[in-house]
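Examination of the molecular architecture
Chain by chain, the residues:
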Amino acid sequence: MKAKMLTMSAAVWLAAVGVTGCGTVGGPEAKGAADVAVREFGNEVQTPSSGSTSGAGGNTTATSGGVAGNSAAAESQPYPVVNTHVPPKVYGMRKFPYPYDAMLAISSDADSETLRKFNLIHEFINTTQMTPLGKGLGLDFADSFFMYNGDNLPGYVDIHHEPMSDELSWFKGVSDQPYAASILNYYIHVGWIDTMHTFGDFSERNQNETLFSRKLAIQAIDALKADGDYLTVWTDHGNKSNVDNFGDYGRTPFYNYQQGANPWSKYYHTDITIPYGIRFVWPDGASDQFGMSSMIYPLRLPDGREVWGFWRYTSEGFNAKGDPEWNWTPFGLDEQLSPAHLREIEIHHDYSIVAQHLCGTTYPGVLPQTAVQALRRLAQQYYEGKILVTRTSRLLNYNVVQQYVSYRVTYEGGKAYIHILAILDPVFGAYVPTVDDIRGLTFYTSNPAETVIEIRNTPIPANLIQENRSDGVAPSIGIKWWPVDTTNYAETAPGVY
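Values in this document were obtained by computation on a predicted structure and should not be read as measured data.

Definitions and cut-offs
Residues numbered from 1 in each chain as written. Predicted model: local features only at pLDDT ≥ 70, side-chain atom pairs only at ≥ 80, totals over all residues. Heavy atoms only, no water. Pairing = 2+ DSSP bridges. Helix = DSSP H or I, 4+ residues; strand = E, 2+ residues; numbered from the N terminus. Axes fitted to C-alpha atoms, helices over the stretch in contact; angles between N-to-C directions. Contact = heavy atoms within 4.5 Å. 1 Å grid on protein atoms, 1.4 Å probe; cavity = no way out; pocket = protein on both sides within 12 Å on 5 of 7 lines; lining within 4 Å. Points joined across faces, edges and corners; volume = space filled by probe spheres on them. pLDDT = per-residue confidence, 0-100. Salt bridge = Lys/Arg side-chain N within 4 Å of Asp/Glu carboxyl O. Buried < 20%, exposed > 50% of the residue type's maximum accessible area, 1.4 Å probe, protein only. Nonpolar A, V, L, I, M, F, W, Y, C, P; charged D, E, K, R; others polar.

So, about the sheet that holds strand 4 (residues 102–108). Read across the sheet, three strands follow the order 17-4-18 without closing on themselves; strand pairing throughout is parallel. In this open sheet, the two edge strands, each paired with only one partner strand, are strand 17 (351–356) and strand 18 (387–389). Averaged over neighbouring strand pairs, the angle between their axes works out to 25° when direction is ignored. As paired elements, strand 4 and strand 18 share three bridges and run parallel to each other. Bridge assignment links methionine 103 to a residue of strand 18, and that residue is leucine 388. This element, helix 8 (residues 369–383), spans strand 4 and strand 18 of the sheet and lies at about 115° to strand 18. Set on the sheet, helix 9 (residues 392–404) makes contact with strand 4 and strand 17; between it and strand 17 the angle comes to about 150°.

Here it is in structure tokens:
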């Protein structure tokens, strides 16, 4: 009787901390994927004695009870199997890849970007070399860029009084002549850029004027496709002259300038931009919430298309007039990445996307010392295995997969088999994922050594599997997260500042 009571207590405890399977979420099937049969599957568990039973409904929100001290980032701690004759039991999903308690991306806008500043920022954040800002942090960070520069606002973009016309962009001004095209294409391919900060900087002194046109959108998409540059993330930009914005059109009268998704407008372009591959859109809005349980939400555009909208932390509160207290410059990075904010997302097991303008100053070292220290603070949380720091695109993709994965568990021959069936994406349709699509998915199991993860019935390659000790909830097994690339890809180009 005592043993039975202990078993029941453990089951109640696991349920209390949210260790469940991800519920089946309905959504349109992707074209060409009818054989997925995703609507027939829940996250089911099959046992030799009881057959198939449905898993718990709702999204996966498995939480950990904390990470054992000072785990090295991305370092597996194999679970010591004591008795391989005891059949394993799969309890459900862990919210984030082991050992992390939260996930964070810095989403930096390309305003006032120059090649000098871009390189300095990425050498410091991405590499582990010595840089003018100190030893590199070795974090996975990707930036944004402009295709065009149609800005005529006063001011300079860098230390030698370079005018706004020297702001980094693919084309020279709004012409068809390349400016930094080759180097931006290179940075997209090596992973230092993953976001389109609209089609360009079109901010004008007179906000009733603009240099944007649908012709420029077509030229931009054609150029990206020709070089094999497919980006999934779009962030809106700038003042009302930036009519190619589209995320918040119709929300209030202020946003009526956003014409990119208005099919009756001469500035309409989402009929080509979304099919090109944009899946995630930040609509130009403020948020003072640093962490959230999920960063994504379905966003229906004026032309009827749907994309994933996502949140970014942009400001620390609002003033008496209701205006945001923006803190998304390098001088606000210390407030953004404060110890309290970082601890908050660890405790609540949240996602965070921090909006920034890392190249937004003409400061000689680009980042003030307070910003350097803030980034070091974040890197420490990463290397201690607390916060997984990654690119915006990778965070958003993982967010979708973690919420909408459909899987079932079967048991045979003393092993547990986790069959990942499909991603039931309610916006873009259900699909059978590749291994790269599901990087980081982690499952609690009583015996990782006797648990197998498969895409449908095909095992994940052994070199991509990670077995983990208990984090205070249970041991786990997962698909390894992306390795950090610390290569210094910085290059210069003649005539590009």
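Let us now look at the sheet that holds strand 13 (residues 296–300). Pairing is mixed across the open sheet formed by six strands, whose spatial order is 7-9-11-12-14-13. Two strands lie at the open edges of the sheet, namely strand 7 (143–145) and strand 13, each paired on one side alone. Adjacent strand axes in the sheet meet at a mean angle of 40°, parallel and antiparallel pairs treated alike.

Turning our eyes to something else, we now look at unusual backbone geometry. A cis geometry characterises the amide bond from tyrosine 98 onward to proline 99, with omega recorded as 5°. Along the polypeptide, proline 99 turns up in the loop between strand 3 (90–94) and strand 4. In this model, threonine 198 sits at a positive phi of 60°, which is unusual for a non-glycine residue. Tracing the chain through its elements places threonine 198 in the loop between strand 9 (193–196) and strand 10 (200–201). Even without being glycine, histidine 349 reaches a positive phi, approximately 55°. The topology assignment puts histidine 349 in the loop between helix 7 (339–348) and strand 17.

Next up on the list: the layout of surface pockets. Computed from the structure, the largest pocket encloses a volume of approximately 550 Å³. Taken together, 22 residues line the largest pocket, and the ones lying closest to its centre are Tyr230, Thr232, Arg391, Ser393 and Arg394. Only strand 9 and helix 9 provide two or more residues apiece to the lining of the largest pocket. Of the residues forming the lining of the largest pocket, the biggest block, five residues, is contributed by helix 9.

What follows is about the confidence of the model for the protein. Per-residue pLDDT for the protein has a mean of 86; in total, 83% of the residues score no lower than 70. Here residues 1–43 scores under 50 on pLDDT; set against residues more than four positions off or in separate chains, the count is 92 contacts.

Below, the discussion takes up the pattern of salt bridges. Considering all chains together, one arrives at 16 salt bridges under this definition. With a shortest N-O distance of 2.7 Å, aspartate 471 and arginine 94 are connected by a salt bridge. Residue aspartate 471 is located in the loop between strand 24 (465–468) and strand 25 (476–479), and its partner arginine 94 is located in strand 3; the two are separated by 377 residues in the primary sequence. By relative accessible area, aspartate 471 is classed as buried at 4%. Linking aspartate 334 and arginine 377 is a salt bridge whose minimum nitrogen-to-oxygen distance equals 3.0 Å.

This paragraph deals with empty space enclosed by the protein. Scanning the entire structure with this criterion turns up three cavities of 30 Å³ or more. The calculated volume of the largest cavity comes to roughly 50 Å³. The wall of the largest cavity is formed by Asn126, Leu139, Asp140, Phe141, Val190, Gly191, Trp192, Arg391, Val484, Asp485 and Tyr489. For the lining of the largest cavity, the residue count by class is six nonpolar, two polar and three charged.

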